[in-house]
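# Residue-level structure breakdown
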Amino acid sequence: MALRTRFAALVRTLFRRDRLEADLDDELRAFVDELAERNMRAGLPPAAARRAALVESGGVEQVKERVRDVRVGQAADTLLQDIRYGWRGLRRAPLFTAAAVATLALGIGANTAIFSVVDAVLLRPAPVKDLNRLVMVWQTDRQSGTLREPASVPDYLDFRARARTLDRVAGLAAGEANLTPPHGEPTRLAALRVSHDLLPALGFDPIAGRSFREEEDQAGGPPVVMISESLWERAFARDPGIVGRVLHLDDEPFTVVGVVRDVSDFGVLQILSAAVYSRSFADRGDRVRVDAWLPLQPNPKSYPRDTHGLFVLGRLAPGVGLASAQREFDSIGADLERTYASNRARGVNVEALGAVVFGPVRPALMLLVGAVAFVLLVACVNVANLLLARGTTRGREIAVRSALGAGGARLYRQFLVETLILAVIGGIAGIGLARLTLATLVAMAPPDIPRLSAVTIDGRVLGVSLSIAAVVGLVFGLLPAFQARRLDVQTALKGHAGRQASQGRAARAVTRALVVAQVTLAVVLLAGAGLLVRSFWRLEHVNAGFHVGGVMKAEYQLPRTRYPVNFANFPNFKEIHAFNDALVQRVRALPGVETAAVAGNHPLDPGFTNSFVIVGREAESAGFPEISVRRVTPGYFRTVGLSLVRGRLFRESDATASAPVVLINEAAARRFFPGRDPLGAKIRFWGASREIVGVVGDERFHGLANAAPIAAYAPLAQAPSVNGAHVLLVRTSGAPAALLPPVRRAFREQDASLAVFGAEPLERTRAHSLAERRFVMILLGLFAAVALVLAGIGVHGVLAYGVAQRTREFGVRMALGARPGQVLTSVLGEGVVLTGIGLCLGICGALAMTRFLTAYLFGIAPADPVTFVAVAAFLAAVALAASAIPARRATRVDPTVALRVE
Amino acid sequence: MPRGHDATELLRGTLDLLVLRTLELRPLHGLAVADRIRQVTRGTFDVPAGSLFPALHRLEQKGWLRGEWSATGEGRRIKSYELTPAGRRQLVFEKRQWARIVDAMTQVLESR
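Residues numbered from 1 in each chain as written. Chains lettered and ligands numbered in written order. Predicted model: local features only at pLDDT ≥ 70, side-chain atom pairs only at ≥ 80, totals over all residues.

## Things to note about the overall build of chain A
Which entries qualify depends on this criterion: Only DSSP runs of H or I covering at least 4 residues are called helices, and only runs of E covering at least 2 are called strands; the numbering of each starts at the N terminus. The exposure label follows from counting other C-beta atoms within 10 Å of a residue's C-beta, where the C-beta atoms are placed from the backbone and the thresholds are 20 or more for buried and 12 or fewer for exposed, leaving partly exposed in between. The contact rule is simple: place each C-beta atom from the backbone, and if two of them lie within 7 Å, those residues are in contact.
What chain A contains, in helices and strands, is 30 helices and 24 strands. Burial analysis of chain A (902 residues in total) assigns 46% to the buried set. Taking the contacts inside chain A whose residues are at least 6 apart along the sequence as the reference set, 83% of them involve residues at least 24 apart.

## Digging into the overall build of chain B
When you go through chain B residue by residue, the secondary structure sums to 4 helices and 3 strands. Scored against the burial criterion, the 112 residues of chain B give a buried share of 25%. Sequence separation of at least 24 residues holds for 49% of the intrachain contacts in chain B that already meet a minimum separation of 6.

## Topic: unusual backbone geometry
In most cases, non-glycine residues show a negative phi, while peptide bonds are predominantly trans. In the segment running from A:Phe570 into A:Pro571, the intervening peptide bond is cis, with an omega of 0 degrees. Within the secondary structure, A:Pro571 is located in the loop between strand 13 (551-557) and helix 20 (574-588). Non-glycine residue A:Trp686 carries a positive phi angle of around 50 degrees. Checked against the element boundaries, A:Trp686 lands in the loop between strand 20 (682-685) and strand 21 (688-696). Residue classification places A:Trp686 among the partly exposed positions, given that 15 C-beta atoms sit within 10 Å. Positioned with a positive phi, B:Arg42 is a non-glycine residue whose angle comes to about 50 degrees. With respect to the helices, strands and loops of the structure, B:Arg42 is situated in the loop between helix 2 (30-40) and helix 3 (49-62).

## Describing the confidence of the model for chain B
Residue and element names in this part refer to chain B. As a reminder of what qualifies: Scored from 0 to 100, pLDDT reflects the predictor's confidence in each residue.
The share of residues in chain B with pLDDT of 70 or more is 88%, and the mean pLDDT across the chain is 82. Low pLDDT, under 50, characterises residues 1-9; the stretch is placed with 8 contacts to residues that sit more than four places away or in other chains. Interface scoring of the predicted complex returns ipTM 0.84; its pTM is 0.66.

## Considerations on the environment of B:Tyr81
Residue and element names in this part refer to chain B. Mapping Tyr81 onto the fold places it in strand 3 (residues 77-83). The buried category is assigned to Tyr81, around which 24 C-beta atoms lie within 10 Å. Tyr81 sits 14 residues away from Gly67 along the chain, and the two C-alpha atoms are 4.5 Å apart. Sequence-distant contacts of Tyr81, defined by excluding residues within four places in its chain, comprise Leu23, Pro27, Leu28, Leu56, Glu60, Leu65, Arg66 and Gly67.

## Observations regarding the interface of chain A and chain B
By a widespread convention, an interface's size corresponds to the accessible area lost as its parts come together. The condition is simple: Asp, Glu, Lys and Arg are counted as charged, while Ala, Val, Leu, Ile, Met, Phe, Trp, Tyr, Cys and Pro are counted as nonpolar; the rest, among them Gly, fall into the polar class.
Each partner contributes to the interface: chain A provides 20 residues, whereas chain B provides 16 residues. Elements supplying a minimum of two residues to the side of chain A that touches chain B: helix 1 (2-15), helix 2 (17-41), helix 3 (46-57) and helix 4 (60-70) of chain A. The element that contributes the greatest number of residues to the side of chain A that touches chain B is helix 2 of chain A, accounting for 7 residues. Residue composition of the side of chain A that touches chain B, by class: 9 nonpolar, 4 polar and 7 charged.

## Brief notes about helix 2 of chain A
Our working rule: One less than the residue count of a helix, multiplied by 1.5 Å, gives the span that helix is expected to have.
In this model helix 2 of chain A runs 36 Å from its N-terminal to its C-terminal C-alpha over 25 residues, within 8% of the 36 Å that 1.5 Å per residue would give. Regarding helix 2 of chain A, the residues found buried are A:Glu27, A:Leu28, A:Phe31, A:Leu35 and A:Ala36. Contacts made by the buried residues of helix 2 of chain A are with helix 3 and helix 4 of chain A together with helix 2, helix 3 and strand 3 of chain B. Remark: A:Gly43 follows helix 2 of chain A within two positions and exhibits a positive phi of approximately 110 degrees.

## Quick notes on the sheet that holds strand 3 of chain B
All names here are of chain B. Our working definition: Each pair of strands is called paired provided DSSP finds at least two bridges between the two strands. For every element, the axis is a line fit to its C-alpha atoms; helices are fit only across the contacting stretch, and the angle between N-to-C directions ranges from 0 to 180 degrees.
With antiparallel pairing, 3 strands are arranged side by side in an open sheet as 1-3-2. On the outer flanks of this sheet lie strand 1 (28-29) and strand 2 (65-71), each paired with one strand and no other. Where strand 2 and strand 3 come together, 7 bridges link them in antiparallel fashion. Residue Glu68 lies in a different strand from strand 3, and its bridge partner there is Ser80. In the packing of helix 1 (residues 14-25) onto the sheet, the strands contacted are strand 1, strand 2 and strand 3, and the crossing angle to strand 3 comes to about 95 degrees.

## What to know about the pairing of strand 7 (residues 224-228) of chain A
All names here are of chain A. Most of strand 7 is tucked away: 5 of the 5 residues are buried. Pairing between strand 7 and strand 10 (residues 290-295): 2 bridges, direction antiparallel. From the neighbouring strand, Ile227 faces strand 10, where its bridge partner is Ala292.

## What to know about the packing of helix 1 of chain B against helix 4 (residues 85-110) of chain B
All names here are of chain B. Counted only if it meets this: Throughout this description, any angle smaller than 35 degrees is read as roughly parallel, any larger than 145 degrees as roughly antiparallel, any in the 65 to 115 degree range as roughly perpendicular, and the remainder as oblique. Crossing handedness is defined as follows: a turn of the near helix away from the far one that is anticlockwise and smaller than a right angle gives a left-handed crossing, while the clockwise case is right-handed.
At their nearest, the axes of helix 1 and helix 4 sit 10 Å apart, and the two run at 125 degrees to each other. Relative to helix 4, the element helix 1 is oriented oblique. Crossing handedness for the pair helix 1 and helix 4: left-handed. Residues Asp16, Leu17, Leu20, Arg21 and Glu24 of helix 1 lie in contact with helix 4, whose contacting residues are Gly87, Gln90, Leu91, Glu94 and Trp98. Its residues assigned to classes, the contact of helix 1 with helix 4 comprises 4 nonpolar, 2 polar and 4 charged.

## Brief notes about the environment of A:Ala596
If you trace the backbone, A:Ala596 turns up in strand 14 (residues 593-599). Setting aside chain neighbours within four positions, we find A:Ala596 in contact with A:Val584, A:Val587, A:Arg588, A:Gly635, A:Thr639, A:Leu728, A:Leu729 and A:Val730.

## Focus: the pairing of strand 14 of chain A
All names here are of chain A. Where burial is concerned, most of strand 14 is hidden: 5 out of the 7 residues are buried. As defined by bridge partners, strand 14 adjoins strand 23 (residues 725-732) across 6 bridges and the pair is classed as antiparallel. Within strand 23, the residue paired with Ala597 across the bridge is Leu729.

## Considerations on helix 29 (residues 865-891) of chain A
Residue and element names in this part refer to chain A. As a reminder of what qualifies: Here the bend at a residue means the angle between the axes of two seven-residue stretches, the one that ends at it and the one that starts at it.
Between its first and last C-alpha, helix 29 extends 38 Å over 27 residues, near the 39 Å set by a 1.5 Å rise per residue. Taking the largest bend as the criterion, helix 29 deviates by roughly 25 degrees, centred on Ala884, and proline Pro886 comes between one and four positions later. Restricting attention to buried positions, one finds in helix 29 the residues Thr867, Phe868, Val871, Ala872, Leu875, Val878, Ala879, Ala882, Ser883, Pro886, Ala887 and Ala890.

## What to know about the nonpolar core
Applied cut-off: What makes a nonpolar core is a set of buried Ala, Val, Leu, Ile, Met, Phe, Trp, Tyr and Cys residues, with links drawn between C-beta atoms within 7 Å.
Membership of the largest hydrophobic core comes to 244 residues, with the highest contact counts inside it found for A:Val225, A:Val375, A:Ala522, A:Val523, A:Leu525, A:Ala712 and A:Ala787. Among the elements that make up this core, the one with the highest residue count is helix 13 (residues 362-393) of chain A (19 residues). Setting aside residues no more than four positions away along its own chain, A:Ala787 makes contact with A:Phe374, A:Val375, A:Val378, A:Leu521, A:Ala522 and A:Leu525. A:Phe31, A:Ala53, B:Val47 and B:Leu65 belong to the second-largest nonpolar core, a separate cluster that totals 26 residues.

## Description of the confidence of the model for chain A
Within chain A, residue pLDDT values average 83, and 89% of them lie at 70 or more. Low pLDDT, under 50, characterises residues 495-503 of chain A; the predicted model gives this stretch 24 contacts beyond four residues in sequence or across chains.

Spelled out as structure tokens, the structure:
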């Protein structure tokens, strides 16, 4: 019963409010009227009687407010009312609302998107079981100073047999294979040879069939394969009877034993990229997924101790730390070094898998997080400023409302509600922006960012961003309410005095400080972005030693079935040479082709290094680092524009049967023949002494940002590829992309079942190699742009507000004879001072921060003066423009109007 | 006229009892309730409008009072309040409560 009455009361409160209010009005009017009549009867004149009655009642509006407070459901009603009121207020100030919402959306959206990336890539645990127990076991080479070399097969077997600190030692080697489907074009697959215990060690269970058995993982074991989920889909339409079916890889039949889930990525690309060589498909620069998994079947006979192509991954035994594993492997490595000549100067480096996989992207991601935090800060500062400015202009409104009986709590709630409305709208817009940003980021991101495909907008991240924005909004939204409460209602109501009182010196100081902070943050971000842009420009214009314009490449691997590799005949691999020669002939005959060449690696492929000996300087050579060996046909130099420094280039006569010759690059000449003539000297590798017939320029084939490594060039005819991997390079007078179809046709005519991959203009390959830098540069640039816009809005906002506040003052000054110029200077002066302070602080901040950028800088110092001057000038110009608008407005104040307003 | 919140500040909760008791005999409108309380207590309790009307509305919402609108001779609407059966029960309960409090207080004050 009581419940029903209460419910009825609630319904009345919420839905019959107008009726209730009318009743309350009537009831109190009757009350006051009767009091007034009573006073008149007591002899007071009507007006005085009425005033006395009002005083006796203690204020009709105050009584009403107290009655409203006891109503059931009043809280909900006031909230609705506050929301309606707040919404109306916001709509009356569209500029303020738009600025605040845009600012919040930018801050929340960017923050959420980037944080989601960081979270997915760095913070969320990998799909791998016990990631922090897994380690990479690298070999080191004290001679070349490399710390991350793959191991040799015999070393791997020794590690397996001896290690006690690791309870699992698994091996993997990357490769590629041509898949010849029953119908359709042959395709190229990324393949991974893995020891039988690797997938179980990572916690990856097959979704169909089984993993490899130990007996399958022996040298000479059966041809079995596990395929990826998407290959299962692509080639077998998810045939449930997949186990037992046969797949042709490089023309050889393999029996499928299981299917591996697509997400089973433990960072293969990052592991391969971390190595100094044997990077295989990781160098292709695409987001490669492993489609074929083969048993490792380690064979120490075909892969002896001096051949390093095996990646070793281990799991720490329970209770063992990284340091003790390192100690054990130091002693194993020392043992092997004593026992085997080929292990001279070699040691072992045990490294956490997480550091290998996530290490390279960590600086970039941290940089982005820093930038995002800055932008969020700037955004918060802007919102704070906007709210403060708006709040102070409302001093009078607040005074009126409290005079009408609004309690303190009610006033604060009103401000809270308004801020919350802003936060909600800003948040919704922010989520939209975050989705957009995220999609753009994923599309733009370079391929070697691990697990980027797993990125989704993270609820927690969004929550955190929203809360930060809300807290800032609340604090700064409430400040004006606090200030206003301290005002004397009487003074505030007496016209302009209220406005001046409400502008509060403290609030002005806070606002100015916030603008300075904004300018500071914008300078830091702009400086960072400027440095990256300058670095990128320098990188784009660096002398790489080769040209990419007009050149296209197409890669292929000749399968051993039809192109046998018989080491007894080295280097006379007839079929391979015949294919390459015929291909070059065919391509050279295509219209528009200037030159064509076949090489082991294209100019943006780091390739591999090899030990070598300078004939006659054998003892000294033992201490030489390994040299990159580039195998090329004679047309290579003209095709990629690599210049001859002295001697001669290769000729067609440097054939398989001719005397072995070699070219070295300038870096090698400087390093090994300082002050002597390298021409005529002989260097020995791969069982042949090769005469140096020339010196060529330095090619930056380890990436444009890295100095050219020492390199030796051998004629492909005298140093054929043993794995059949080649690249065709073609120079055309036209557009390289237009050459792709005829080149593909040439391949087909030569060998219809050969898979051609990585066919693209070299320009694109180069762009790919700079993708991460471009990614970071564009992102930081975007952030800087956002920060700049926000700072501009901030400066403009605070000055415009100041001018509006001082309209009367300007009116008086102009009435007293001040010239517009003086008014202009006074407003601009404030802008200049604020901007100047911000600039100084910002430059100091930037100098402190940019050292975190060094990994991305190229050819300039972190304190690059050109960048800093440009940034300062640019920001000053923007700030001046932002100040000019309100300053001009100040000069247009009409004294008579200004004085009448108040 | 004093605002009523002087030496005899109303005990919290006593206002409800005063209003219920005042309305026990016959329905009254707001000002009449205040007048009546002042007369009966010979001016000790002077209930200001800011306390009276919230109390009336609170009791009405609890279902102890019923508001009744009527027109005066001058065409004004007047709202008078009367006790509901629930209000009568509540009054009995509150009177008993009050007696117990007075009893207890007396014993405390007169104990030696």
